[in-house]
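Architecture and fold: a report
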Amino acid sequence: MTGRRWYVPWLFLAPALAVALTFFIVPFGNTTILSFTDASTLGGGHFTGAANYRRLIHDEQFWLSLRNTALYVVIVVPLMVVLPLLVAVLVQRRIAGIGFFRAVFYSPVVASMVVAGLIWSWLLSSDGLVNSALRGLHVVTEPVPFLTDSHWLLISAMAMTVWKGLGYYMVVYLAALANVPRSLLEAAEVDGAGAVRRFFSVTVPLLRPTMILVATLASIASAKVFAEVYTLSNGSAGPGGEARTLVYTIRETGLGLGGEAGYASAMSLALFVATLGLSVFVTRLNSKEEQA
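The rules we used
Residues numbered from 1 in each chain as written. Predicted model: local features only at pLDDT ≥ 70, side-chain atom pairs only at ≥ 80, totals over all residues. Heavy atoms only, no water. Helix = DSSP H or I, 4+ residues; strand = E, 2+ residues; numbered from the N terminus. Contact = heavy atoms within 4.5 Å. Areas by Shrake-Rupley, 256 points an atom, 1.4 Å probe, with all protein chains shown as cover. Expected span 1.5 Å × (residues − 1). Buried < 20%, exposed > 50% of the residue type's maximum accessible area, 1.4 Å probe, protein only. 1 Å grid on protein atoms, 1.4 Å probe; cavity = no way out; pocket = protein on both sides within 12 Å on 5 of 7 lines; lining within 4 Å. Points joined across faces, edges and corners; volume = space filled by probe spheres on them. Nonpolar A, V, L, I, M, F, W, Y, C, P; charged D, E, K, R; others polar. Polar contact = N/O pair within 3.5 Å; in protein donor to acceptor, adjacent residues only side chain to side chain. Core = buried A, V, L, I, M, F, W, Y, C linked by side-chain atoms within 4.5 Å. Axes fitted to C-alpha atoms, helices over the stretch in contact; angles between N-to-C directions. Parallel < 35°, antiparallel > 145°, perpendicular 65-115°, else oblique.

Our focus in this paragraph is the overall build of the protein chain. A count of helices and strands for the protein chain gives 13 helices and 0 strands. Listing the helices and strands of the protein chain from first to last along the sequence gives α-α-α-α-α-α-α-α-α-α-α-α-α. Overall, the C-alpha framework of the protein chain stretches about 80 × 70 × 35 Å when taken along its three principal axes. Nonlocal contacts in the protein chain, meaning residues at least 24 apart in sequence, comprise 67% of its contacts between residues at least 6 apart. Split by element, the accessible area of the protein chain, about 17,300 Å² in all, is 69% carbon and sulfur.

Right, let's talk about helix α10 (residues 208-223) for a bit. With 16 residues, α10 should cover 22 Å at 1.5 Å per step; its first-to-last C-alpha distance of 22 Å lies within 8% of that length. Along α10, the residues that are buried comprise T210, M211, V214, A215, T216, A218, S219, S222 and A223.

This part takes up the layout of surface pockets. Size it by volume and the largest pocket reaches roughly 670 Å³. Broken down by secondary-structure element, the contributors of at least two residues to the lining of the largest pocket are α3 (60-91), α7 (150-177), α8 (182-190) and α9 (195-206). Class assignment for the residues of the lining of the largest pocket results in 9 nonpolar, 2 polar and 7 charged. Elements with a contribution of two residues or more to the lining of the second largest pocket: α1 (8-34) and α13 (261-291). Tallied by class, residues from the lining of the second largest pocket come to 9 nonpolar, 3 polar and 1 charged.

Quick look at the side chain of S219 now. Mapped onto the elements, S219 comes out in helix α10. Looking at S219, its side chain comes within polar contact range of the main-chain oxygen of A215, at 2.6 Å.

In this structure, Y72, V81, Y173, L207, M211 and L232 are the most contacted members of the largest nonpolar core, which totals 62 residues. Tallying contributions element by element places α7 first for this core, with 13 residues.

Moving on to the packing of α9 against α10. The interhelical angle for the contact between α9 and α10, taken along N-to-C directions, is 60°, at an axis separation of 4 Å. Classified by the interaxial angle, the pair formed by α9 and α10 is oblique. Taken together, the residues of α10 that come into contact with α9 (itself represented by V204, P205 and L206) are R208, P209 and M211. Of the residues that constitute the contact of α9 with α10, the class distribution is 5 nonpolar, no polar and 1 charged.

This part covers the environment of R5. Residue placement: R5 occurs in the segment before α1. A C-alpha to C-alpha distance of 46 Å links R5 and V247, two positions 242 residues apart in sequence.

Structure below.
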C-alpha cells in the first residue's frame, strides 16, 4: 500500500513546483538564452555569443548604474541591520500603549510604493515640509535639491528605503528577541552588567544569525532597488539619469518598441551574479566568524 502512494508527497509539492517552474526557472532560463542574442522587445534575434557581455565592459551607463547600486548597498544595508534592532529593543517591552508604536513603525511596510513615493516627493520638494522646516530653522537659505540633484536624489531614495523597510525588519528582530533566554540576561545583571553591557555582551551575540539574515535580505533588496529612484525622480533618475540604478538601466534598455531584450538580459544576468556573490560573501563571512 505504501509503495502505491509514492506520488502523494509530489502532489503536495506540485503547486509550489508549478509556481517555481512558471515564474522563476523558465524565465531565468529564457533570460540566460536571450543574453547571448541580439533579440529586441518584439522578438527575433540571432545568436551573438558573448557580444552583449563584451559590450557591458565598455558601457559607461552600466558602470554608472553598478556604482550607484553598490553605493546603495554599502549605505543602506548597515542601516537596515542596526536601526530596526534598536527600534525592536525599544518596543519589545510590555507597557501600556506599546502596540500603538509598533503599528506606527510597521505602517510604512504595508503602504504601496506609489503612495510612499508621492508622500516623500511632497516632503522633499523645494517648497515641501522638509525644506520649509530647514529654512524656518535658518539651517539653509536656499532649498536643498533633494529631488533635482543626482547625489541628493540617491540619498533621498536611500532614506525612503530605510523608512519603508524599518518596520519589516523590526518584526524579524522582535521574534528573535523573544527567544533570548531571560536567565542569561538576569545572570549578567547579577554580575553587575548594566543595560548597555547586557545588550552588547548577551543580546547581540545571540542575535548574530538574525542579523546575518537581515543583512542578506537587505543586500538583495538594495541591489534590486528601482521604485524609490523612479518615483522620486518622476521616471528621470535625476539630471541626465545620473542617479540610475542597475534595475533602472535594465528596464530602460529593454523597454519600448526599440528595446534591446538581449542586452537587457545580459545586464540582468550580471545583476544576478553580483547579488548571488554578495549573498555568498555575507554567508561565508558569518561562517568564518562562528568557526573563530
